[in-house]
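# Fold and contact review
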Amino acid sequence: MGGRSVAGQVFVLQVVIVLLLVVSAVVAQVLQVRHDSDLEAQNRSLAVAQSFANAPGTVAALRSKNPTALLQPRAEATRKATGVDFIVVMNTDGIRYTHPKPDRIGKKFVGTIAPAQAGHIVTEHVHGTIGPLVQVVVPVKAPDGTVVGLVSSGITTAHVGGAADQQLPLLLASAAAALALATAGTALVSRRLLRQTHGLGPSEMTRMYEHHDAVLHAVREGVLIVSGEGRLLLANDEAHRLLDLPEDAEARHVLELGLDADTAGLLASGRVATDEVRLVKDRLLAINQRPTDLRGGPPGSVTTLRDSTELRALSGRAEVARERLDMLYDAGVGIGTSLDVSRTAEELAGLAVPRFADFATVDLFDAVIEGAEPRPGTALHRTACSGVREDAPLYPVGRRIRFVATSPQARSLATGQSVVEPRLREASGWRAQDLERTEQVVEYGIHSLISVPLRAGSLVLGVATFWRSQKPEPFDAEELALAEELVARAAVSIDNARRYTREHSMAVTLQRSLLPRSLPDQSALEIAYRYLPAQAGVGGDWFDVLPLSGARVALVVGDVVGHGLHAAATMGRLRTAVHNFSALDLPPDELLALLDELVARIDQDEPPADGGAVVTGATCLYAVYDPVARRCTVARAGHPPPAVVRPDGSVDFPDVPAGPPLGLGGLPFEAAELELPEGSRLVLYTDGLVEDRDRDIDEGLELLRTALKRAGDSPEDTCRAVLDLLPARPSDDVALIVARTRTLGADRVAEWQVPSEPAAVSQVRAAVTRRLEEWGLDDLAFTTELILSELVTNAIRYGRGPIGVRLLHDRTLICEVSDSSTTSPHLRYAATTDEGGRGLFLVAQLAERWGTRYTPSGKIIWAGQPLP
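Overview of the structure. None of these values were measured; they are calculated from a predicted model. Every residue gets a number counted from 1 within its own chain, in the order that chain's sequence is written. pLDDT decides what is reported in this predicted model: residues at 70 or higher carry local features, side-chain atom pairs at 80 or more are listed and counted, and totals for whole chains, interfaces and linings draw on all residues regardless. Excluding hydrogens and water, the side-chain figures rest on all heavy atoms present in the structure.

Two strands make a pair as long as DSSP finds a minimum of two bridges between them. Helical segments are the DSSP runs of H or I of at least four residues, strand segments are the runs of E of at least two, and each set is numbered from the N terminus. With respect to topology, 6 strands assemble into an open sheet ordered β12-β11-β10-β15-β14-β13, the strand pairing being antiparallel. Two strands close off the open sheet at either side, each with one partner strand: β12 (400-401) and β13 (419-421). With 2 bridges connecting them, strand β11 (residues 380-387) and β12 associate as antiparallel partners. Note on β12: the bridge partner recorded for leucine 380 is isoleucine 401. Here a residue-residue contact requires only that any non-hydrogen atoms of the pair lie within 4.5 Å. Note on definitions: angles span 0 to 180 degrees between N-to-C directions of axes, and those axes are lines fitted to C-alpha atoms, for helices only across the stretch in contact. Across the sheet, helix α10 (residues 341-352) touches β10 (359-365), β11, β14 (448-456) and β15 (459-468), and the angle it forms with β11 is around 35°.

Moving on: the pairing of strand β19 (residues 619-626). Within β19, 8 of the 8 residues are buried, which leaves the element mostly enclosed by the surrounding structure. On β19, burial covers both faces: Thr619, Leu621, Ala623 and Tyr625 on one face and Cys620, Tyr622, Val624 and Asp626 on the other are all buried. Sheet topology note: the strand β18 (residues 553-563)/β19 ladder contains 7 bridges and is antiparallel. Bridging from a neighbouring strand, glycine 558 pairs with cysteine 620 of β19. One ladder, built from 7 bridges, connects β19 with strand β20 (residues 631-637); its direction is antiparallel. In the sheet register, cysteine 620 faces β20, and the bridge partner there is alanine 637. Turn length for the β19-β20 hairpin, with the two strands adjacent in sequence and antiparallel, is 4 residues, and the turn residue arginine 630 shows positive phi of about 60°. Categorising residues by exposure relies on relative accessible area from a 1.4 Å probe, with only protein chains included: less than 20% of the type maximum marks a residue as buried, more than 50% marks it as exposed, and the intermediate range marks it as partly exposed.

Residue valine 353 is joined to proline 354 through a cis peptide bond whose omega torsion reads 0°. In this fold, proline 354 is placed in the loop between α10 and β10. Phi at aspartate 275 takes a positive value of approximately 50°, unusual for a residue other than glycine. Relative to the helices and strands, aspartate 275 is located in strand β7 (residues 273-280). Overall, the relative accessible area of 42% leaves aspartate 275 in the partly exposed class. Non-glycine residue arginine 630 carries a positive phi angle of around 60°. When you line up the elements, arginine 630 lands in the loop between β19 and β20. On the accessibility criterion, arginine 630 (40% relative accessible area) is partly exposed.

Moving on, we come to the pairing of strand β31 (residues 858-866). Along a regular strand, successive side chains alternate from one face of the sheet to the other. Within β31, 8 of the 9 residues are buried, leaving the element largely enclosed by the surrounding structure. Across 8 bridges, the pairing between strand β29 (residues 812-819) and β31 is antiparallel. Opposite threonine 812, over in β31, you have proline 866 as the bridge partner. Note that strand β30 (residues 849-855) and β31 share 7 bridges and pair antiparallel. When the bridges of β31 are listed, arginine 853 appears paired with isoleucine 860. The antiparallel hairpin formed by β30 and β31 contains 2 residues in its connecting segment.

Our focus in this paragraph is the pattern of salt bridges. For this analysis, a salt bridge means a side-chain nitrogen from Lys or Arg found within 4 Å of a carboxyl oxygen belonging to Asp or Glu. Following the criterion strictly, the structure yields 36 salt bridges and no others. The partner of arginine 411 in a salt bridge is glutamate 421, with the nearest N and O atoms 2.7 Å apart. Linking arginine 411 in helix α12 (residues 408-415) with glutamate 421 in strand β13, this pair joins segments that are 10 residues apart in sequence. For arginine 411, a relative accessible area of 31% translates into the label partly exposed. For glutamate 675, the salt bridge goes to arginine 631, with nearest N and O atoms at 3.5 Å.

In structure tokens, the structure reads:
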């Protein structure tokens, strides 16, 4: 009857069930008694309270001068007669007239009386000084229906019930009888089990079965047991393998197992056979068969099978060698087809499965994936995983793994040598990596692995692991050599991809640092932009937005032919040069001329030492938009023309003269002036948007026109519609700017013509002050008068008429003074003895920015002040 035997366990289970039933019955009985007690207490309290409230004389007593004297004796008599714990009579305000304890008469009743005051009955469960009780409050109504008082009656639930005590003995007796029956039944079962197992205990039975099963399936000979009717009773793993039996072979007739007629007939006959060699499919098997009923056993036969295909084994090894040579050839051709680290790792894993292993994983250091040199001791990244099935419990792709020191992978990384684990179930060092996951791997059927470090020279890039599950034999020395050769070839390709990734990352970083991170604040244009790098690598496309004087904005788009660091560096130099030249406020055609000279000089001063690419081939488009005149001046050097989307949705490509690419020289650049109504969209782009290997530029321009017609009004919508023309990874860089024009209205522009006489300065100051008051910029009146006085005085004294003054109310207050002279003033620091020379210094101190720009008719000196 011990708890370790089957009978003992059954007995314990029966005892637990009986106890649970008894406890459940007792709990149910207690709950039922409690419910009945509550209901009985409620009914009794309600009956007593209603009887007392409706008794003759109760209403008259409540209206008497001393209700307590009349009602207290009656209430106590009724309480004792009915068995309730209290009867309290109170007025409508809850002041007691009666109470079992006289000292509480005249005090406020404790409980809910509001519904009773309205003529309703109140029943509530409370926990009073005498314990849990049920109290009822009923109204006392006069003949006219008015409530003249309240009666409350209550009784504790402990004074009601008692049926549970009578039923508990019956429940306990039933439980004792059930336990006695369980004990007797368990004893009978135990005796019968001992008789049938010949006295062997559970542990002995389990050990005997485990030994039998282990021996049966561990032998390298197939074992079959066939019944007297010719049905297969048992077949070990080797028999399944040698005869290629179906999984449900047991219990089927041997003639239905798909064997050849001779072999099936031999097994069904049950006759004695000794070393009979038969060709079963592609194997030569030596068959021995003996009957099982020689010593009184059951009818049937036992058959053993032994594979004797030695000659075929030799030819099989030759076939394996040829397949391995083919696989190494395929590795040289199929691994490293791209300069992508992850893709190369996937090619290695995909080639190894299923030709060499059932599963293959590649783990690389994070630094290798990023293009840097690996740092030993850091975590690895599961980069590739391939297998004959997708549900293997190996670490998934993307998992960061830190191998423990005892694992085969860690030992390979530390020593640079390959490691073979022939039996994973016994490899404690490998299992220490993750006890739960490694147990799942073993249960899944993976039983052997090879870990090979990915070495490129002195660098260890990661580790490749090959896993075996379907083939029962572990990896051997020949397979280890094959794995090392395969990984060695892949490591070279991965290292090449790593080096390319490093160079590519450097170029991308350089290019990103050279492109604008954000657009400057300006009011003339609403701008959206996009930049898409090329699939082949970093290119030289670039763009910029440059605020100019007079609320104007310059847009520039450029393209350096080629890819890589050279193109990115050249793009940065050109962008810097455009920034510097734009500060001179030059017209677009003159700026391109200076840029052309700069590129030509760079080519002459820095010829490529290795015959590589030069700057020649760079193109550029430069446009300046004036929100006051609503005109845009455009010049281009070998660049595709801009597109203009009018407010009505029409699209055209303005005829802007196409100059030669930068650096060629020989021809001047010409500018075109475009009139752009407010709300027009100016689209600037590089040739990667409209040119491709599969189409020429005319077809690309038509596709762009169609996309612009379908696009929404906003620049962002336009960018999205235009980029739909491109594949996910374009073959060339694409830079795109969409700018919707705004105008500076006439109410924000003021202009005056000034006579060339000093007396006119005061008149201009007065007019400017009035305009500033209209704009609400009174705080800037004083400094504006000082700046204007100095600039107008200089124009009258040193310039030529006509002289004009213009104020622009934009993000800043811009004051411009124009004249017909081309001489440019310059800032100097006057000595203490000089009588003049301090004017421009004063302007530079008062203004946020100031400068000079030249026009076809002269020059303009301007100064900008921040708005208050």
